[in-house]
Structure formats: C-alpha cells, structure tokens
Amino acid sequence: MSPSSPVPVLTIDGPSGSGKGTISRLVAEHLGWRLLDSGALYRAVGYAAGMEGLDLSDAEAVTRCAQHVKIRFQAAPDGGDTHVLVNGHDATDELRTETAGAAASAIASIPSVRAALVDLQLGFRKAPGLVADGRDMGTVIFPDAPYKVFLTASAAERAKRRYKQLKAKGLSVTLSGLQREIEARDTRDASRAVAPLKPADDAVLVDTTGMGIDDVVAKVLAVLQPRPAA
Ligand code: DC
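Okay, so let's go over this structure. Since the model is a prediction, treat every value here as computed from it, not as a measurement. Numbers given to residues run from 1 along each chain, matching the order in which its sequence is written. Restriction of local features to residues with pLDDT of at least 70 applies here, the model being predicted, together with a cutoff of 80 or more for giving and counting side-chain atom pairs; totals for whole chains, interfaces and linings are based on all residues. Side-chain descriptors were evaluated using all non-hydrogen atoms of the structure, hydrogens and water having been removed beforehand.

**Side note on the overall build of the protein**
For clarity, the threshold we go by: Per the convention used, a helix needs a DSSP run of H or I reaching at least four residues, while a strand needs a run of E reaching at least two, with both numbered from the N terminus. For this measure, only C-alpha atoms enter the radius of gyration; the expected value for a globule follows 2.2 Å times N^0.38, where N is the number of residues. Every residue pair with non-hydrogen atoms within 4.5 Å of one another is taken to be in contact. The method behind every accessible area is Shrake-Rupley, applied with a 1.4 Å probe, and residues are considered shielded solely by the protein chains displayed.
A count of helices and strands for the protein gives 11 helices and eight strands. Taking 230 residues into account, the globule formula puts the C-alpha radius of gyration at 17 Å, and the protein, at 17 Å, falls close to it. Here the C-alpha coordinates of the protein stretch approximately 55 × 40 × 40 Å along the principal axes. Intrachain contacts of the protein at a sequence separation of at least 6 include 73% that bridge at least 24 residues. Carbon and sulfur atoms provide 55% of the accessible area of the protein, an area that totals close to 11600 Å².

**Considering the sheet that holds strand 4 (residues 83–86)**
The criterion, for reference: Here, a strand pair is defined by DSSP locating no fewer than two bridges between the strands. Angular values range over 0 to 180 degrees, each being the angle between N-to-C directions of two axes fitted as lines to C-alpha atoms, with helices fitted over their stretch in contact.
Taken in spatial order, the three strands of this open sheet run 3-4-5, and their pairing is antiparallel. Bordering the open sheet on either side are strand 3 (71–74) and strand 5 (89–90), each of which pairs with just one other strand. With four bridges joining them, strand 3 and strand 4 adopt antiparallel strand pairing. Pairing of Q74 across the sheet is with H83, part of strand 4. Packed onto the sheet, helix 2 (residues 38–51) meets strand 3, strand 4 and strand 5 and runs at close to 130° relative to strand 3.

Here is the structure:
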C-alpha cells in the first residue's frame, strides 16, 4: 500500500443472522484490520432514545439523540466480546436483545438518523484496513471499498442460528417467533426508502446456508486474493 493509496476496506453486508457478526470479527482478526459493527451503532441509538423516553417514530427527537449520543467500543480485558458504552453506560448485554434489534431497525429507517451516523462510520477507516459489517457498507458508506461481500442464508437457518445464540445467553425465545421477527425485519430493512438492504452491484454473494464458519471465513478471505488475469 503506497502512502497515498486509500486504506483498504472489506464490506460485509447481509440480513440479520447471516453470520456477518461472527465472520466479520474472525476475518478482521485474521487480517489484523479494524472492525466496524455498524449494527451496534443503530442499536445504541435505539437504546439511548429508549433511555430518554423518546417515541421511536419521532424523527426529529431521535435524530437529535443520534447526533449527540456518545458511543464507545471497548475491547474486553479478557479477550471476549467487545463492550459497547452508550453515554458512558456499558450497554453490551441490552444491545444484544431482540427488543434492541427491533428498535434499531425502526430508527434505522429515518434518513436523518442514518445521516447523523455517517462521519462516525467513516472515521473507522484507518490503516492497515477495515472490515465493515452492516447493511449498507458496500452501497452507501464505503462505495469505493475494493472488497465487498454480501452474506445470505435462508430465514429458517438464520432463525436457528439466532435461537442457539440467544439460548446460550440464557434468553427465553421461541424458534417460530424468531423466524417471524427475522422475516419482518428483513422486509423492513429491504423496503425502506433510504439505504435499503441490498447487495452492491460489485459485491460477491456468499450463501452460507449449511456452511461451517471456517468455510465461510475462507470464502470471504478469498475475495481479497488477486484474481488471475483472464
Ligand atoms: O446487524 P444488526 O442486527 O446489529 O442491526 C440491527 C439493525 O440496525 C438492523 O435491523 C438494521 C439496522 N442497520 C442498518 O440499517 N444499517 C446498518 N449498516 C447496520 C444495521
């Protein structure tokens, strides 16, 4: 990389439960690149708005909240999951719940909320590189990223994965309820007017249904390999 060339970005977009979070973290660790979990930003805004008692459909109030909220990612001292601090409060556990996901999806459809989070996301692009996990990383935030992946998996498989994750955390959920929520969230995320969930034209599509984590990581890393000349 020459001093003037832009910091490389690998965007990993896709619907909830496609494995983006786990895959992005593993790929970033493998490459020694920074990680942007953009979903956590939307979750944090939804959470902060809830703490302020705001009506999540009040676009002006939620936008003001998105403009002022202080979000900090902090590496866990034990090497575990990164902690997310919202206005100084460690909200890591609260942000993982389905309620936080639904709130995030709702406020993410407000264009001015999305605009308020742009600079924060661009700020993550630092050497030696960035893995950006989200819905619109390759289409809106980093359209010039040299590497783009769109992960998918069937709704049934995504519900199963989510069910296992949440059960392991001791949360009480049902598989059918999760699948319904996932499908509703997909529809909302894909049909919103601003930055809808869709693959960038130049993204490599990877369907992870039935694939193990290691195979998906290998497939994503292969996207960074130079293609043989035709
Ligand atoms: O990836 P996640 O489940 O943490 O995301 C939570 C919600 O945030 C998701 O339903 C849609 C929204 N989101 C978004 O609109 N754009 C992003 N780049 C990331 C998340």
